[in-house]
Amino acid sequence: MLTWLRGHWQTLINWLLFVSLGRFALRQRLDALRRGRFDWLEGCCLIQNLVGLSALLIRNDHHAIERRTWPQIVALATFFSGTGFDQRETSPSMVLNVMRLVTFLALITGILSFISLGRSFGILVAVRQIQTHGLYKLVRHPMYVSDLLWRVAYVLKNFCGRNLFLFIISSLGYIYRAILEESFLCESPGYREYCHRVRYRFIPGVF
């Protein structure tokens, strides 16, 4: 048993994440269905959920992982930071229309990022395979851009001081995470060359 676990522990983690994140996504979609709010945008959310969950199951095992504790804490904190937001739904209809547009942009960016990553999707700071095509030709962290757009949309829909504060903190966390991740990945000459070609982390021509 121990021998099997040593050889397959990454696969086991993938399935555990698949089950836990899948249950969370399913609850959200079913809640929208019960409330009569399952529209085309919720359908897009479902597609992204399916693409992301599939990425967990097919991803390659990492062949190098950041051994320092702090970068991994930052990675996990940013990934799960969205669970700390309050649900208020107090915004006026005009703001909600903007929210829907931002949500759609987040969905498209997220789906294209998953497709671009292929089997290299990860949550912790680790090396699987460096991807340089698709959205990764434009910026180095398009998946984080999608996550931040999600948070912008959520704050627009559920505006309050707590959510605004969490958005600012989590945004700074994603920037810090990108810097920590790159410091580890740049140990690979291939990633250093990639950073030289793709200069911007989040917004082409800006940052």
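Since the structure is predicted, the reported quantities are computational estimates derived from the model, not experimental observations.

J.: In this structure, what is going on with the overall build of the protein? I would like to understand it.
T.: From N to C terminus, the protein includes seven helices and two strands. For the protein, the sequential pattern of α-helices and β-strands runs α-α-β-α-α-β-α-α-α. Radius of gyration (C-alpha) of the protein: 18 Å, near the 17 Å computed for a compact globule of 207 residues. Its C-alpha atoms give the protein principal-axis dimensions of roughly 50 × 45 × 30 Å. The burial tally for the protein puts 41% of its 207 residues in the buried class. In the protein, of all internal contacts separated by at least 6 residues, the share reaching a separation of at least 24 is 80%. Surface exposure of the protein reaches about 12000 Å², of which carbon and sulfur atoms provide 67%. The centroid of the 24 positive side-chain charges in the protein is displaced by 1 Å from the centroid of its 12 negative side-chain charges.

J.: Sorry if this is basic, but what is going on with helix α6 (residues 161-185) here?
T.: In an α-helix, one turn spans 3.6 residues; hence positions three or four apart end up facing the same way. Between its terminal C-alpha atoms α6 stretches 36 Å, which fits the 36 Å expected from 25 residues at 1.5 Å a residue. Buried residues in α6 make contact with β1 (64-65), α3 (69-79), β2 (126-127), α5 (142-157) and α7 (189-197).

J.: I tried to follow the nonpolar core on my own but got confused; where do I start?
T.: In summary, soluble globular proteins display a tendency toward joint burial of nonpolar side chains. Counting residues in each nonpolar core, the largest one holds 24 residues, and the members touching the most others are Phe121, Met143 and Tyr144. Contributing elements (two or more residues each) for this core: α2 (40-58), α4 (93-117), α5, α6 and α7. Broken down by element, this core gets its largest block of residues, four residues, from α6. Beyond its immediate chain neighbours, meaning those up to four positions away, Phe121 contacts Ala55, Leu56, Arg59, Phe114, Arg128 and Met143.

J.: Please clarify how the layout of surface pockets should be interpreted in this entry.
T.: If you roll a probe as big as a water molecule over the atoms, it shows you where there is empty space left. Roughly 210 Å³ of internal volume is contained in the second largest pocket. Looking at the second largest pocket, it is lined by 14 residues, and the ones nearest its centre are Ile13, Leu17, Arg59, Leu124 and Arg128. The greatest single-element share of the lining of the second largest pocket, amounting to five residues, is contributed by helix α1 (residues 2-34). Of the residues that constitute the lining of the second largest pocket, the class distribution is nine nonpolar, three polar and two charged.

What counts, and at which threshold
- Residues numbered from 1 in each chain as written.
- Predicted model: local features only at pLDDT ≥ 70, side-chain atom pairs only at ≥ 80, totals over all residues.
- Heavy atoms only, no water.
- Helix = DSSP H or I, 4+ residues; strand = E, 2+ residues; numbered from the N terminus.
- Rg over C-alpha atoms; globule rule 2.2 N^0.38 Å.
- Buried < 20%, exposed > 50% of the residue type's maximum accessible area, 1.4 Å probe, protein only.
- Contact = heavy atoms within 4.5 Å.
- Areas by Shrake-Rupley, 256 points an atom, 1.4 Å probe, with all protein chains shown as cover.
- Lys, Arg positive; Asp, Glu negative; His and termini not counted.
- Charge placed at Lys NZ, Arg CZ, Asp CG, Glu CD.
- Expected span 1.5 Å × (residues − 1).
- Core = buried A, V, L, I, M, F, W, Y, C linked by side-chain atoms within 4.5 Å.
- 1 Å grid on protein atoms, 1.4 Å probe; cavity = no way out; pocket = protein on both sides within 12 Å on 5 of 7 lines; lining within 4 Å.
- Points joined across faces, edges and corners; volume = space filled by probe spheres on them.
- Nonpolar A, V, L, I, M, F, W, Y, C, P; charged D, E, K, R; others polar.

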